[in-house]
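Descriptive analysis of the structure
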Amino acid sequence: MPEKRLEAVVDGRRIVAINTWFSGERLEIDGAVIAKANHGFNVQEDEPLLSAVVTGDSGLPLHVEVFIAAVLTVRMMIVVNGRYVAGDRMNDKEAAAGRRAEERLRAASSGGGGGTSVAVPAAVDRRRS
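Rules and cut-offs
Residues numbered from 1 in each chain as written. Predicted model: local features only at pLDDT ≥ 70, side-chain atom pairs only at ≥ 80, totals over all residues. Heavy atoms only, no water. Pairing = 2+ DSSP bridges. Helix = DSSP H or I, 4+ residues; strand = E, 2+ residues; numbered from the N terminus. Axes fitted to C-alpha atoms, helices over the stretch in contact; angles between N-to-C directions. Buried < 20%, exposed > 50% of the residue type's maximum accessible area, 1.4 Å probe, protein only. Contact = heavy atoms within 4.5 Å.

Concerning the pairing of strand β1 (residues 3–10)
Of the strand pairs in this sheet, β1 and strand β2 (residues 13–20) are connected by eight bridges, and their pairing is antiparallel. Directly across from R5, in β2, lies its bridge partner I18. Counting the residues that bridge the hairpin from β1 to β2 gives two residues, and of these D11 lies at a positive phi of roughly 50°.

Brief notes about the sheet that holds β1
Sheets are built from strands that pair by backbone hydrogen bonding, the pairs being arranged parallel or antiparallel. Pairing is antiparallel in the open sheet, where four strands are placed in the order β1-β2-β3-β4. A single partner strand is all that each edge strand has here, and the edge strands are β1 and β4 (32–37). The average undirected angle you get between the axes of adjacent strands in this sheet is 15°. One ladder, built from six bridges, connects β2 with strand β3 (residues 24–29); its direction is antiparallel. Note that in β3 the partner of T20 across the bridge is G24.

Digging into the pairing of β2
Counting buried positions along β2 gives seven out of eight residues, so the element sits mostly inside the fold. Hairpin connection, β2 to β3: the antiparallel pair is bridged by three residues.

Quick notes on the environment of I29
Inspection of the secondary structure puts I29 in strand β3. Residue classification places I29 among the buried residues on the basis of a relative accessible area of 2%. Measuring from C-alpha to C-alpha, the distance between I29 and V9 comes to 9.5 Å, with 20 residues separating the pair along the chain. Not counting the four nearest positions on each side in its chain, I29 is found in contact with R13, R14, I15, I34, V54 and V64.

Here it is as structure tokens:
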């Protein structure tokens, strides 16, 4: 069965996006299936097809979005906290993901308490203890 797979490691978490012709799409984090969909083809690129929020090794939230556009060919991209991490560059989708991340940050910092915090994973210096 034809399959397209993207992989990235962000803040200690192994993120895998998989698209297959007959079994649909899935998002795996550290080997566990977090989100699934079953679209025969998808021409809607404006919203992520799969998304999830997980906690990175640093304790910060990671908002993972997977964009898939499939008609004659399959284009896939993984975005974490509004930043491109793997796949086919879809610049307008990246910009939209970045705007969503900024909106979540603004909502979380407004004091209303109704938003979800979003942070870009920080690099950890493992030499320091």
